[in-house]
Amino acid sequence: MKLGLKLNIVFIIIGIFASQMVFWHGYSLTERTIKNGTFNKLTAIREGKKRQIEGYFRLVQNQTVTFAENYMVLLAVQEFHKFFLRLSIQKDNIDLFGKNLKSFYDNTFSSGSVLNKDELTALYPDNSSRISLQYHYIAGNPFPIGSKDKLDYAEDDSAYSRVHAQYHSAFRNYIKRFGFYDLFLVDVDGNIVYSVNKEVDFATNLIDGPFKNTNIGEVFRRANSESREGQTTAIDFKPYLPSFNAPAAFIATPLYSDQKRVGVLILQLPIKEINSVMTGGGKWQQDGLGMSGETYLVGADHTMRSDSRFLLEAPDAFKTELTEYGVNAREISKIFKYGTTVLVKEVKTSASLAALGGNTDTRVVKDYRNIPVLSSYAPLEIQGLNWVILSEIDVDEAFAPLESFKVRAVKIM
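Nothing here was measured: the structure is a model prediction, and the numbers come from that model.

### Here we look at the environment of F57
Step number 1: With respect to the helices and strands, the residue F57 is situated in helix α1 (residues 3-68).
Step number 2: The buried category is assigned to F57, whose relative accessible area is 5%.
Step number 3: Note: C-alpha distance between F57 and A234 (177 residues apart in sequence) is 9.4 Å.
Step number 4: For F57, the contacting residues outside a window of four places in its chain are L269, I274, I382, L385 and W387.

Structure follows, in structure tokens:
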């Protein structure tokens, strides 16, 4: 082989090697740039949502304490307590009310719950006051389930109902204005002497009644043992039977009048307010999260505390995706039965576990769909709640520009 040909071959090899080195250097640099840029964007989004959700709970705490200091609230709980205990009903009426109330539980309420006969029987009111109030404000209430709060006055000619008519519209307007699901006034003996929405927890007792072991029972006991005014107690979401097992969280504060504890104010928190913050009102793309990004919350039990973007945006595709990636069939069934990932979808990724361990960082992980994502995570600072926040986007979407770079570079080479 002539020397010139040899040199040409050597130069070609060197050129190919050099171009490959340039390509891989450019590829690596572009990859790092995209990765760091995406992580920076996710972290900025995460921190913004973190401030919003922590601010929401601080606002709720302040609203709870401020409302509990209102003279109207303090007067109302004492009047409801007084007339709750003084309800006097003739036996014939109680028998009729009890029969109709049992029919409500056995037919209307049971159709939306998953209780067996014994469990349903355990919910029946156990004295005349409870039977009368639940009959007039729930079973005999002319408004349908979900609208029982529209009844201002029950036609039973009782002092309780006259007090109810006096305060009910103000309390109803309060929870609607500030986005709460329900409001409860509970006396120091544990009786729910008033609620806005009149679900089957109304007129029950949180010390020895059917819902004593739920999270509303727990939050009542904590607040009722608080020796100082102005202190709030929050308790995490759990399925709540009176709301047909919808996720419910509660915040409570003791009610003091003349330095004497006269009851407890409890507010039921809605998941929709939290979802509104975490989803930006469904505007993920406008928030910079593209087609696959989302920011969501996870609790100490490793389940979600806000809804998945993919469930809200494309439920059929989400169901198919979960099935294809081997997510537990029972879990998938519950998600679509209740229409939420809150308290249902388990998230045990390396990112969520690190955040629950108190760490703040970014990394590439497989998410709860078993899909690789870039994840930015951190613990939240919310009194009484051990939650973490994660902002994530699919690796395929984040690195799509890198694939375009590779295709163009190969064509040039």
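### A closer look at the packing of helix α10 (residues 315-324) against helix α11 (residues 329-338)
When two helices pack together, their arrangement is given by the angle between the helix axes and by the axis-to-axis distance.
Step number 1: Contact geometry of α10 with α11 gives a least axis separation of 10 Å together with a crossing angle of 170°. Taken as axis vectors, α10 and α11 run roughly antiparallel relative to one another. Two packed elements cross with a definite hand, and for α10 against α11 that hand is right-handed. Every residue of α11 that contacts α10 at P315, F318, K319, L322 and T323 is listed here: I332, I335 and F336.

### Here's the deal with the side chain of D394
Step number 1: Considering the arrangement of structural elements, one finds D394 in strand β9 (residues 387-394).
Step number 2: A polar side-chain atom of D394 sits 2.5 Å from a polar atom in the side chain of R369.

### Observations concerning the sheet that holds strand β1 (residues 182-186)
Step number 1: Spatially, β2-β1-β5-β4-β3 is the arrangement adopted by the five strands of the open sheet, whose pairing is antiparallel. The open sheet is flanked by β2 (192-195) and β3 (233-240), the only strands paired with a single partner. The mean inter-strand angle of the sheet, taken between neighbouring strand axes irrespective of direction, is 25°.
Step number 2: Taken together, the three bridges between β1 and β2 define a ladder with antiparallel strand orientation. Within the sheet, the bridge partner assigned to F184 lies in β2 and is S195.

### Side note on the packing of helix α2 (residues 71-85) against helix α6 (residues 159-178)
Step number 1: Running from amino to carboxyl end, α2 crosses α6 at an angle of 155°, the nearest separation of the two axes being 10 Å. With respect to α6, the element α2 is oriented roughly antiparallel. For the crossing formed where α2 meets α6, the hand is left-handed. Residue-level contacts link M72, V73, L75, A76, E79, F80, F83 and F84 of α2 to A159, Y160, V163, H164, Q166, Y167, A170 and F171 of α6.
Step number 2: Class assignment of the residues belonging to the contact of α2 with α6 gives a composition of 13 nonpolar, two polar and one charged.

### Observations regarding the environment of T360
Step number 1: Structurally, T360 can be placed in the loop between α12 (350-356) and β7 (361-366).
Step number 2: The exposure class assigned to T360 is partly exposed, which follows from its relative accessible area of 47%.
Step number 3: Separated by 19 residues in sequence, T360 and P379 have C-alpha atoms that sit 6.9 Å apart.

### Some details on the pairing of β9
Step number 1: For β9, the tally of buried residues reaches eight of eight residues, placing the bulk of the element in the interior.
Step number 2: By the bridge criterion, six bridges tie strand β6 (residues 294-299) to β9 in an arrangement that is antiparallel. By the bridge assignment, E294 is partnered in β9 with E392.
Step number 3: Here strand β8 (residues 372-379) pairs with β9 via seven bridges, running antiparallel. Paired with Y377 across the two strands is L390, which belongs to β9.

Conventions used here
Residues numbered from 1 in each chain as written. Predicted model: local features only at pLDDT ≥ 70, side-chain atom pairs only at ≥ 80, totals over all residues. Heavy atoms only, no water. Helix = DSSP H or I, 4+ residues; strand = E, 2+ residues; numbered from the N terminus. Buried < 20%, exposed > 50% of the residue type's maximum accessible area, 1.4 Å probe, protein only. Contact = heavy atoms within 4.5 Å. Axes fitted to C-alpha atoms, helices over the stretch in contact; angles between N-to-C directions. Parallel < 35°, antiparallel > 145°, perpendicular 65-115°, else oblique. Left-handed = near helix turned anticlockwise from the far one by under 90°. Polar contact = N/O pair within 3.5 Å; in protein donor to acceptor, adjacent residues only side chain to side chain. Pairing = 2+ DSSP bridges. Nonpolar A, V, L, I, M, F, W, Y, C, P; charged D, E, K, R; others polar.

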